[in-house]
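Structural overview
Chain by chain, the residues run as shown.
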Amino acid sequence: MKKDDARLAPRYDVVEQLKQERKSQHITQETLAKRVGTQKSNISRFESGTYNPSLDFLIKVAGSLGKQIQIQIK
């Protein structure tokens, strides 16, 4: 995936928001992975943009950080 692809911008925005939230809470990828019920490698791939997450995965990650996913169609 190319980060400059406009079609992918919303995906990268969500990934970046969740990554920044994890960091602001001083949570490691390993701790987040345990909370989500996945492997650390999946969190790493997700944060690097090499993993195409499902909506369910995004909801789990957000919930593990005490947040919610909100989708808006424009």
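Look above for the structure.
Keep in mind it's a predicted model, so treat the numbers as computed, not measured.

1. Structural notes on the pattern of salt bridges
Counting across every chain of the model gives 2 salt bridges. Of the charged contacts in the structure, one is a salt bridge between Glu47 and Arg22, with a shortest N-O distance of 2.6 Å. On the criterion of sequence distance, the pair formed by Glu47 in helix α3 (residues 40-48) and Arg22 in helix α1 (residues 9-24) is long-range, its members being 25 residues apart. As far as the burial class goes, Glu47 and Arg22 line up, both buried. In this structure, Lys34 and Glu30 form a salt bridge, with 3.8 Å as the shortest nitrogen-oxygen distance. Remark: Glu30 and Lys34 occur in helix α2 (residues 29-36); sequence separation between them is 4 residues, near one turn of the helix.

2. Some words on the environment of Gln72
Position of Gln72 among the secondary structure elements: in the segment after α4 (55-64). With relative accessibility at 64%, the residue Gln72 sits in the exposed group. Taking C-alpha positions, Gln72 is 20 Å from Glu21, a pair spaced 51 residues apart along the chain.

3. Points about unusual backbone geometry
Residues other than glycine seldom take positive phi values, yet His26 does so here, at roughly 55 degrees. Tracing the chain through its elements places His26 in the loop between α1 and α2. When its relative accessible area of 74% is taken as the criterion, His26 is described as exposed.

4. Side note on the side chain of Arg22
With a relative accessible area of 8%, Arg22 lands in the buried category. Among the polar contacts listed, one links the side chain of Arg22 to the side chain of Glu47, at a separation of 2.6 Å. In this structure, Arg22 is in contact with Ile27, Thr28, Gln29, Leu32, Glu47 and Leu65, ignoring residues within four places of it in sequence.

5. Considerations on the layout of surface pockets
As a volume, the largest pocket reaches approximately 510 Å³. Lining the largest pocket are 17 residues, and of these Pro10, Val14, Ile69, Gln70 and Ile71 sit closest to its centre. Going through the elements one at a time, α1 and α4 are the ones with two or more residues in the lining of the largest pocket. For the lining of the largest pocket, the leading source of residues is α1, giving 6 residues. Among the residues making up the lining of the largest pocket, the classes are represented as 9 nonpolar, 4 polar and 4 charged.

Definitions and limits used
Residues numbered from 1 in each chain as written. Predicted model: local features only at pLDDT ≥ 70, side-chain atom pairs only at ≥ 80, totals over all residues. Heavy atoms only, no water. Salt bridge = Lys/Arg side-chain N within 4 Å of Asp/Glu carboxyl O. Helix = DSSP H or I, 4+ residues; strand = E, 2+ residues; numbered from the N terminus. Buried < 20%, exposed > 50% of the residue type's maximum accessible area, 1.4 Å probe, protein only. Polar contact = N/O pair within 3.5 Å; in protein donor to acceptor, adjacent residues only side chain to side chain. Contact = heavy atoms within 4.5 Å. 1 Å grid on protein atoms, 1.4 Å probe; cavity = no way out; pocket = protein on both sides within 12 Å on 5 of 7 lines; lining within 4 Å. Points joined across faces, edges and corners; volume = space filled by probe spheres on them. Nonpolar A, V, L, I, M, F, W, Y, C, P; charged D, E, K, R; others polar.

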